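# Geometric and topological summary
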Amino acid sequence: MDWLDFYHGYVMVIIQILAGFFFFTKCLQVEVKIFSVKYLAICLSVAVLGMAAVLSVPNGMCDSVVYVLLLVAAGILLFRADGVTAALYAIVTVEILQLCFGTTNAILSILYVELLSSNLQMLFLSTFALSAAAILMSVFCYWLVFQYFVSQGKENRSYSLMLLLPMLLLFLVEDYINVFVYGNVADTGSAGDLERAGNVRLLVIQLLGIGSLFCVLFAYKKLTENFHLEVEFSLLKQEEHLLRQYVDEAKLRYESTKSFRHDIKNHMTVVRELLQEQKLQEAQRYLDDLQYLAEDMSFPCNTNNPTVDILLQNKLGIARNHGIDVSCFLQLPHPCSITDMDFCIILSNALDNAIWACRKAKADTERYLRVGGSVQGDFILLQVENSCNSGSFFNPGTGFANMKSVVDKYHGTLEVEREGAVFRLNALLIIG
């Protein structure tokens, strides 16, 4: 039966390794060309290393663990994946292979005595058919996992860590069955001496394992959906707050404008009388006072977007009241595919954080806040720079998550930079 051992020990192991590696790269959202020289070289290297690992492990013990470690190393070193994410998808990849081949192993173990008593050709055909069925079942499970659980959106790292624990438990239980019952996930012949009733129980366990895997993934999907709903709800609450703020600001501006328009005739009369009486210095001082009054009613900067102008007037006015030096060099296209509310969510959270950092800065630190931005082609760059305490820790909270959600909506990037006592937030958005 050397040919059967070769088939199980080499051919099927390589097929499993390559199928699992392809699914693993898809889960990591790696943009690769399947038939490119680079990807084929990586696949060949993984296959060789995987085979070497399987052959180096005595009697196939813990070869699944070695394969998981190999996938994790490839995810981190080759594809720059997060460690938790790489470990999670590596375990899911190998676990699906274990469960699918464990199911066919149980079926073959039930039929082993009858097949062995007939002829070796029938045993080989049955083994080949069940192995092919295990591969097809694995591919189908991979497709389900990728279609309904991986490609739905970006994962939340904290929830990924929660999912890792039950997946690790299922993986270890299945690995225990493969090692101490079958001896090797690819070696089905060694399980032929098991009693039929025990094999039926093992078959049920394997099927329940597949069901448990998808139940855990379904619960994980619901958790991530709830997380995104919480973020959306937070954004809606912030939008409501901004709308109320705009209404209050508009009312105050209306009252100020109404009062100024009512008094302008009186102001002009006073200036005229001062000039007629040749009191030029008094007239000059009075005009200066009127200029300050007009400046108080004007926006601190003109971004070409009235809604953003109102927001900046409110936020920069608060900063000035706290003794923070402010400046604004921001020009926005108007109208624009990016909604006014999304602009305001980014800027309001960034300015709130900047004002807070400036207020917490040491007394000898220059307190300043700069708002800038530019438009280049189909890209808009929003930049908020402020002073802060050197070495202070940046703790991204709900406001940062709201900004990140808006930036992701427009397929952009959100970055923070620290240079000594300078903190800078950059938001790049795509217009088209």
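Below, the structure is looked at part by part.

How each quantity is defined
- Residues numbered from 1 in each chain as written.
- Predicted model: local features only at pLDDT ≥ 70, side-chain atom pairs only at ≥ 80, totals over all residues.
- Heavy atoms only, no water.
- Pairing = 2+ DSSP bridges.
- Helix = DSSP H or I, 4+ residues; strand = E, 2+ residues; numbered from the N terminus.
- Axes fitted to C-alpha atoms, helices over the stretch in contact; angles between N-to-C directions.
- Right-handed = clockwise from strand over helix to strand, strands pointing away.
- Parallel < 35°, antiparallel > 145°, perpendicular 65-115°, else oblique.
- Left-handed = near helix turned anticlockwise from the far one by under 90°.
- Contact = heavy atoms within 4.5 Å.
- Nonpolar A, V, L, I, M, F, W, Y, C, P; charged D, E, K, R; others polar.
- Buried < 20%, exposed > 50% of the residue type's maximum accessible area, 1.4 Å probe, protein only.
- Expected span 1.5 Å × (residues − 1).
- Arc of directions from axis to C-beta.
- Polar contact = N/O pair within 3.5 Å; in protein donor to acceptor, adjacent residues only side chain to side chain.
- Patch = residues over 30% accessible without salt bridge, like charges linked within 9 Å, V, L, I, M, F, W, Y side chains within 5 Å.
- Areas by Shrake-Rupley, 256 points an atom, 1.4 Å probe, with all protein chains shown as cover.
- Salt bridge = Lys/Arg side-chain N within 4 Å of Asp/Glu carboxyl O.

## Here's the deal with the sheet that holds strand β3 (residues 379–387)
Taken together, five strands build an open sheet; the order of strands is β1-β2-β3-β5-β4 and the sheet is mixed. Two strands lie at the open edges of the sheet, namely β1 (325–329) and β4 (413–419), each paired on one side alone. Shown here is a sheet whose adjacent strand axes are inclined to one another by a mean of 10°, direction ignored. Summarising the sheet, β4 and strand β5 (residues 422–430) pair through seven bridges and their orientation is antiparallel. Bridging from a neighbouring strand, E415 pairs with N426 of β5.

## Comments concerning the pairing of strand β2 (residues 368–376)
With five bridges connecting them, β1 and β2 associate as parallel partners. Within β2, the position partnered with D325 by the bridge is Y368. After leaving β1, the chain enters helix α10 (residues 340–360) and then returns to the sheet as β2, a path that is left-handed. By the bridge criterion, eight bridges tie β2 to β3 in an arrangement that is antiparallel. Bridging from a neighbouring strand, R370 pairs with E385 of β3. Once β2 ends, the chain turns through two residues before running back antiparallel as β3, passing G377 with a positive phi of about 65°.

## Here we look at the packing of helix α2 (residues 37–56) against helix α3 (residues 63–77)
Between α2 and α3, whose axes approach to 9 Å, the crossing angle comes to 150°. Judged on the interaxial angle alone, α3 and α2 are roughly antiparallel. Along this stretch, α2 crosses α3, giving a crossing that reads as right-handed. Touching V46, L49, G50, A53 and V54 of α2 are D63, V66 and L70, all from α3. Grouping the constituent residues of the contact of α2 with α3 by class yields six nonpolar, one polar and one charged.

## Section: unusual backbone geometry
In this model, R80 sits at a positive phi of 55°, which is unusual for a non-glycine residue. The phi dihedral of H411 is positive, around 55°, even though this residue is not glycine. Structurally, H411 can be placed in the loop between α11 (398–409) and β4. Of the residues examined, H411 reaches a relative accessible area of 66% and is grouped as exposed.

## A look at α2
With 20 residues, α2 should reach 28 Å at 1.5 Å per residue; the first-to-last C-alpha distance of 28 Å fits that figure. Looking at α2, one finds that the buried residues are Y39, I42, C43, V46, A47, G50, M51, A53 and V54. All buried residues of α2 lie within an arc of 165° about the axis, which places them on one face of the element. Of the residues in α2, the exposed ones pointing more than 90 degrees away from the buried face are V37, K38, L44, L49, L55 and S56.

## Examining the environment of Q206
Mapped onto the elements, Q206 comes out in helix α7 (residues 196–276). As for Q206 and G102, which are separated by 104 residues in sequence, their C-alpha atoms are 6.3 Å apart. Polar contacts involving the side chain of Q206 include one to the side chain of E174, which spans 3.1 Å.

## Regarding a nonpolar patch on the surface
Side chains of F6, Y10, V11, I15 and L55 sit close together on the surface and give an oily, nonpolar patch of about 440 Å² of accessible area. Top element by residues in the nonpolar patch is helix α1 (residues 2–27). It accounts for four residues. Within the secondary structure, L55 sits in helix α2.

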